[in-house]
Amino acid sequence: MTRHQALKRLTWRIGRKIYMSARQEERFGAINRNGEAYAIRNMISHTNGMDQLVVFDIGANQGDWTKQLLLSMPAERKEQDRLSVHAFEPVPETSAMYRDAIDAMDGSNTVTLHETAMSDKSGVAEIGLSSAGAVTNSIHFYKDDCQIETTLIIDLSTIDGLV
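Calculation notes
Residues numbered from 1 in each chain as written. Predicted model: local features only at pLDDT ≥ 70, side-chain atom pairs only at ≥ 80, totals over all residues. Heavy atoms only, no water. Pairing = 2+ DSSP bridges. Helix = DSSP H or I, 4+ residues; strand = E, 2+ residues; numbered from the N terminus. Salt bridge = Lys/Arg side-chain N within 4 Å of Asp/Glu carboxyl O. Buried < 20%, exposed > 50% of the residue type's maximum accessible area, 1.4 Å probe, protein only.

**Student:** A description of the sheet that holds strand S4 (residues 117–118) should follow, citing residues and the corresponding values.
**Tutor:** Read across the sheet, three strands follow the order S4-S6-S5 without closing on themselves; strand pairing throughout is mixed. Pairing within the sheet leaves two strands with one partner each, and these edge strands are S4 and strand S5 (123–129). Pairing of S4 with strand S6 (residues 150–157) involves two bridges; the strand directions are parallel. Note on S6: the bridge partner recorded for alanine 117 is leucine 156.

As structure tokens, this is what we get:
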């Protein structure tokens, strides 16, 4: 990395930190402040009478959303015939982080991790990686973007293709 690229990257990271802090969306613990935990709790309470709840965690990253779902779910609903979570994370290093976060949790037996990205068509795509586990990893990126460290070819699947 050239000195110019390093400075550009540092500037972007500082700017992003200021932006996220100003919006009170710091990376860690944000799910408890951004409304997602509230949405999960409401989904659980409004689906209590259902025989089975099927949930998709698309772009599962390190498992924050699934973890919050399992923590919020009553014990009697953490059975395979009552809950089925399908998580999608195409980056191998991030998938490993997901497994580390979820595997030891109560209800992890209801979770299936698919190491593919969801899309409107099956195939492959190039994903830009800021770092393993970064929430900014995306298939929609600019090649000269200062936050992108590397790229990776990933599989794309459709929901219909998994059924």
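Read on for the rest.
**Student:** Before we move on, could you go through the pattern of salt bridges and cite the residues and values that matter?
**Tutor:** Overall, the coordinates contain two salt bridges when judged by the stated rule. Residue aspartate 106 is joined to lysine 78 by a salt bridge in which the shortest nitrogen-to-oxygen separation is 3.5 Å. Of this pair, aspartate 106 sits in the loop between helix H4 (92–102) and strand S3 (111–114) while lysine 78 is found in the loop between helix H3 (64–72) and strand S2 (83–88), placing the two residues 28 residues apart along the sequence. On the basis of relative accessibility, which here comes to 12%, the residue lysine 78 falls in the buried class.

Limitation: the analysis is restricted to geometry and does not speak to function.
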